[in-house]
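# Observations on the model geometry
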Amino acid sequence: MTFDKLDKNRVLIILCEKDLEDFSLDFNTLSFEDAHSRKILMRILQLACFKTGIEAEGKSIAVEALPLNGECYILLTVTQKSRRTYRMKENKRSVCYFLGGSDNFLDAVEKLYKQNVCCNKNSAYCYKDNYYLIFDYPSIPRKLRRVLGEYAQKCGGRVSAARIRENGKTVCTVNAIAQIGQCL
């Protein structure tokens, strides 16, 4: 087994046929889903990081394997975990509520509509098979919060609202409670 440090965040690990045999590894079954392979690969990766001086703690690790002439070449790439950042185009304040499935969503909208508890600036979205109500106010009336407390969970402010607006499917963008409630 040899370790070659290619640059400050990449290591090439070469396992010869004897190494593969000693570790009971086969390239065709080499996978992180297999418990035995995962255990051996983690030990090899730790050893490679130790011998080459690459720090992998708290970082993303990409592992690529390639068979060549009976040997197994493993390329280990260590990178910083990237934190996703969002830029807000508008400086409006929003409150976002998670309602879960469609039954809960429709029950909440129906109750809000029948009790005439509405805010004009609200919208509804579906994101990852869950429904969300977004209110474009810094805070919402107490009566509205009480009803939503039964059916929903507050899931954040304007960053959550921006993520859901960007990635979710639009159900209704203008006065969602009134428009959907009329149909119930």
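So, a few notes on the structure that sits alongside this text. (Residues numbered from 1 in each chain as written. Predicted model: local features only at pLDDT ≥ 70, side-chain atom pairs only at ≥ 80, totals over all residues. Heavy atoms only, no water.)

## With respect to the pattern of salt bridges
Going through the model one piece at a time under the given rule, you end up with 5 salt bridges. We note a salt bridge from Glu110 to Lys114, for which the minimum N-O separation is 3.0 Å. Of the two residues, Glu110 and Lys114 are both situated in helix 3 (residues 102–114); the distance of 4 residues between them amounts to about one turn of the helix. (Salt bridge = Lys/Arg side-chain N within 4 Å of Asp/Glu carboxyl O. Helix = DSSP H or I, 4+ residues; strand = E, 2+ residues; numbered from the N terminus.)

## Points about the sheet that holds strand 5 (residues 95–100)
Read from one edge to the other, the open sheet built from 5 strands follows the order 8-5-7-6-9, with strand pairing classed as antiparallel. Both edges of this open sheet fall to strand 8 (153–156) and strand 9 (169–172), since each of them pairs with a single strand only. Taken over all neighbouring pairs, the strand axes of this sheet differ in orientation by 35 degrees on average, direction set aside. Sheet topology places strand 6 (residues 122–127) next to strand 7 (residues 130–135); 6 bridges connect them, and they run antiparallel. Bridge pairing in strand 7 links Cys126 to Tyr131. In the packing of helix 5 (residues 158–167) onto the sheet, contacts are made with strand 5, strand 6, strand 7, strand 8 and strand 9, and the angle to strand 6 comes to roughly 65 degrees. (Pairing = 2+ DSSP bridges. Axes fitted to C-alpha atoms, helices over the stretch in contact; angles between N-to-C directions. Contact = heavy atoms within 4.5 Å.)

## Here we look at unusual backbone geometry
Positive phi, close to 50 degrees, is recorded for Asn69, a residue that is not glycine. Along the chain, Asn69 falls in the loop between strand 3 (60–68) and strand 4 (71–79). Not every positive phi belongs to a glycine, and Asn175 is a case in point at roughly 50 degrees. Here Asn175 lies in the loop between strand 9 and helix 6 (176–183). Residue classification places Asn175 among the buried residues on the basis of a relative accessible area of 18%. (Buried < 20%, exposed > 50% of the residue type's maximum accessible area, 1.4 Å probe, protein only.)

## Thoughts on the sheet that holds strand 4
By way of backbone hydrogen bonds, the strands of a sheet pair with one another, either parallel or antiparallel. Ordered in space as 1-2-4-3, the 4 strands form an open sheet in which the pairing is antiparallel. With partners counted over all chains shown, the strands left at the sheet margins are strand 1 (2–7) and strand 3, one partner each. Within the sheet, the average angular offset between the axes of one strand and its neighbour, ignoring direction, is 20 degrees. Sheet topology places strand 2 (residues 10–15) next to strand 4; 6 bridges connect them, and they run antiparallel. Bridging from a neighbouring strand, Leu12 pairs with Leu75 of strand 4.

## Remarks on the state of the cysteines
Inspection of the entire model under this criterion finds 0 disulfides. The thiol of Cys72 is not disulfide-bonded; the next cysteine sulfur, from Cys16, is found 11 Å away. By relative accessible area, which is 1% here, Cys72 ends up buried. In this model Cys126 remains outside any disulfide bridge; the closest cysteine sulfur is found in Cys96, 13 Å from its own. According to the relative accessible area criterion, Cys126 is buried, its value standing at 14%. (Disulfide = S-S within 2.5 Å.)

## Quick look at the packing of helix 3 against helix 4 (residues 142–151)
Here helix 3 crosses helix 4 at 155 degrees, and the two axes come no closer than 10 Å. Here helix 3 is positioned roughly antiparallel relative to helix 4, judged by the angle of their axes. Relative to helix 4, helix 3 is oriented so that their crossing is right-handed. From helix 3, Asn104, Asp107, Ala108, Lys111 and Leu112 reach across to helix 4, where they touch Leu144, Val147, Leu148, Glu150 and Tyr151. A class-by-class count of the residues in the contact of helix 3 with helix 4 yields 6 nonpolar, 1 polar and 3 charged. (Parallel < 35°, antiparallel > 145°, perpendicular 65-115°, else oblique. Left-handed = near helix turned anticlockwise from the far one by under 90°. Nonpolar A, V, L, I, M, F, W, Y, C, P; charged D, E, K, R; others polar.)

Shape is all these values report; function is a separate question.
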